[in-house]
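Survey of secondary and tertiary structure
Now for the letters of each chain:
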Amino acid sequence: MTQTPAFYFDILENLARGRCPACELVRQKPMHYIDHALYGLVTDPGAQNLFAETGGYCRRHAGMLLKIPWGSALGVAILYKRLVEDAAAQLQAGRGEEAGRTKRGGISGNLFSRKGRKDFPARDDNPDCLACKVERETEQGVMNTLVEVLRAGDGRMVAAVEGNEGFCLYHLGLARTMEHGGRIDPILRRHGLRRAERLLAELSEFIRKSDYRFTREQMGGEGDSWMRAVGWVTGVSLEKEDRAFSPGELKRKMRGETPAEE
Ligand SMILES: [Zn+2]
Ligand SMILES: [Zn+2]
């Protein structure tokens, strides 16, 4: 390999920690993108236009704006002032509602033309959300790199996939679909089977100890196997840092204090 493919080391690192690299990166990259974009957006009118033209972030990603604690308020204020201005202009002109319904469905060729403009800020579902785009590109990039380097017989990646658990059932299935029964399919199946078998053993133990006849037995590592089963099957994150910062926590973080234990 002449050049290290995108996400190569991210995949290795997440596998070493037993986490699904695709889920983790899809969770992290849009957050980093939004955080990074906020700094650029303050001084870059082109980027501000792009943000307004694409209708702003979808509701899910707009929610992330409120979770980024490190002094991004100015960027958010500048971005949303523009969206509020646009909304006010449309309300004044009596436009918006029907245009908002018909105009969704992907960015047309000319993003900055009057024609391509969104006439109403999107909420839950905004196919043009720039953070969603980062999310899609991240997922594709991770999966492509995984399949390509495994196909190329990259020793480090083969060892990481063979020696760790990590990929959730969804992303494992995606990789297997991309590979459709090819040479690396056995590696992928073994990877998934290891996690499945361990979970099955732990779930059986958890269920057994939950029986009233055995409640005196101390619950061990299998105690949270039910959560990990949900995590593995669905890819839902079990990480605590996912939750929103409370205002008090946010202030403490900005002052550099350690948050109090809950
Ligand atoms: Zn996953
Ligand atoms: Zn989005």
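What comes next is a walk through the structure. Because the structure is predicted, anything quoted here is derived from the model rather than measured.

Taken as a whole, this structure holds 21 salt bridges when the rule is applied. Across the salt bridge formed by R82 and D86, the nearest N and O atoms sit 3.8 Å from each other. Taken together, the residues span about one helical turn, with R82 and D86 both in helix α5 (residues 73–93) at a distance of four residues. Accessibility expressed as a relative area gives 16% for D86, which makes it buried. R198 is the partner of E202 in a salt bridge, and the nearest nitrogen-oxygen pair spans 3.6 Å.

The biggest cluster of nonpolar side chains holds 25 residues, and the ones touching the most others in it are I11, L146, M157 and F167. Listing elements by their share of this core, those giving two or more residues are α1 (8–16), α2 (21–43), α7 (130–151), α8 (155–163), α9 (169–179) and α10 (185–209). Those residues within four positions of F167 in sequence are excluded, and the remaining contacts are I11, L15, C20, P21, A22, M143, L146, L172, H191 and W232. Formed by 19 residues, the second largest nonpolar core is a distinct cluster that contains L38, L41, Y57 and L65.

All right, on to the coordination of the zinc ion (ligand 1) then. The protein atoms donating to the zinc ion (ligand 1) are C20 (SG), C23 (SG), C168 (SG) and H171 (ND1), with metal-donor distances spanning 2.0 to 2.3 Å. For the zinc ion (ligand 1), the four donor atoms in the first shell make angles of 100 to 118° at the metal, a pattern classed as tetrahedral. Sequence spacing of the donor residues for the zinc ion (ligand 1), all on one chain, is C-x2-C-x144-C-x2-H. When sorted by exposure, C20 lands in the same class as C23, which is buried.

The next thing to look at is the coordination of the zinc ion (ligand 2). The coordination sphere of the zinc ion (ligand 2) contains the protein donors C58 (SG), H61 (ND1), C129 (SG) and C132 (SG), at a distance range of 2.0 to 2.4 Å. Coordination geometry of the zinc ion (ligand 2): the four donor atoms subtend angles of 102 to 114° at the metal centre, consistent with an arrangement described as tetrahedral. The sequence pattern formed by the donor residues of the zinc ion (ligand 2) is C-x2-H-x67-C-x2-C. As far as the burial class goes, C58 and H61 line up, both buried.

On to α1. Buried within α1 are the following residues: Y8, I11, L12, N14 and L15. Buried residues along α1 sit against α2, α7, α8 and α10.

The next subject is the packing of aromatic side chains. According to the stated counting rule, one finds three aromatic pairs in the structure shown. Arranged with centres 5.1 Å apart and planes meeting at 90°, the rings of Y8 and F9 form a pair that is edge-to-face. Plain terms: the ring middles of F51 and Y57 are 4.9 Å apart, the flat faces sit at 85° to each other, and that makes the pair edge-to-face. Across the pair, exposure class does not vary: F51 and Y57 are buried alike. The ring of F214 carries R208 above its face, with NZ or CZ at 5.0 Å from the centroid.

There is about 340 Å³ of room inside the second largest pocket. Residue lining of the second largest pocket: 18 residues in total, with G18, R19, C20, R195 and L238 positioned closest to the centre. Those elements giving two or more residues to the lining of the second largest pocket turn out to be α2, α10 and α11 (225–234). Considered class by class, the residues forming the lining of the second largest pocket number seven nonpolar, five polar and six charged.

With that out of the way, let us pick up the environment of R208. Along the polypeptide, R208 turns up in helix α10. With residues up to four places along the chain from it excluded, the contact list for R208 reads F214 and E217. Reaching out from R208, the side chain makes a polar contact with the side chain of E217 at a distance of 2.7 Å.

Here we take up the environment of A22. Along the chain, the position of A22 falls in helix α2. The spatial distance from the C-alpha of A22 to the C-alpha of E139 is 5.8 Å, given a sequence separation of 117 residues. Once you skip the residues sitting within four places of it in the chain, A22 turns out to touch V142, M143, F167 and H171.

Outside of glycine, negative phi angles account for most residues, and trans bonds account for most peptide bonds. Here F7, not a glycine, exhibits a phi torsion of approximately 70°, which is positive. With respect to the element layout, F7 can be found in the segment before α1. Of the residues examined, F7 reaches a relative accessible area of 18% and is grouped as buried.

Cut-offs used in this document
Residues numbered from 1 in each chain as written. Chains lettered and ligands numbered in written order. Predicted model: local features only at pLDDT ≥ 70, side-chain atom pairs only at ≥ 80, totals over all residues. Heavy atoms only, no water. Salt bridge = Lys/Arg side-chain N within 4 Å of Asp/Glu carboxyl O. Helix = DSSP H or I, 4+ residues; strand = E, 2+ residues; numbered from the N terminus. Buried < 20%, exposed > 50% of the residue type's maximum accessible area, 1.4 Å probe, protein only. Core = buried A, V, L, I, M, F, W, Y, C linked by side-chain atoms within 4.5 Å. Contact = heavy atoms within 4.5 Å. Donors = N, O, S within 2.8 Å, 3.2 Å for Na, K, Ca; no water. Tetrahedral: all angles 85-135°; square planar, octahedral: opposite > 155°, others 65-115°. Phe/Tyr/Trp six-rings, centres within 6.5 Å; stacked < 30°, edge-to-face > 60°. Lys NZ or Arg CZ within 6 Å of the ring centre and 35° of its normal. 1 Å grid on protein atoms, 1.4 Å probe; cavity = no way out; pocket = protein on both sides within 12 Å on 5 of 7 lines; lining within 4 Å. Points joined across faces, edges and corners; volume = space filled by probe spheres on them. Nonpolar A, V, L, I, M, F, W, Y, C, P; charged D, E, K, R; others polar. Polar contact = N/O pair within 3.5 Å; in protein donor to acceptor, adjacent residues only side chain to side chain.

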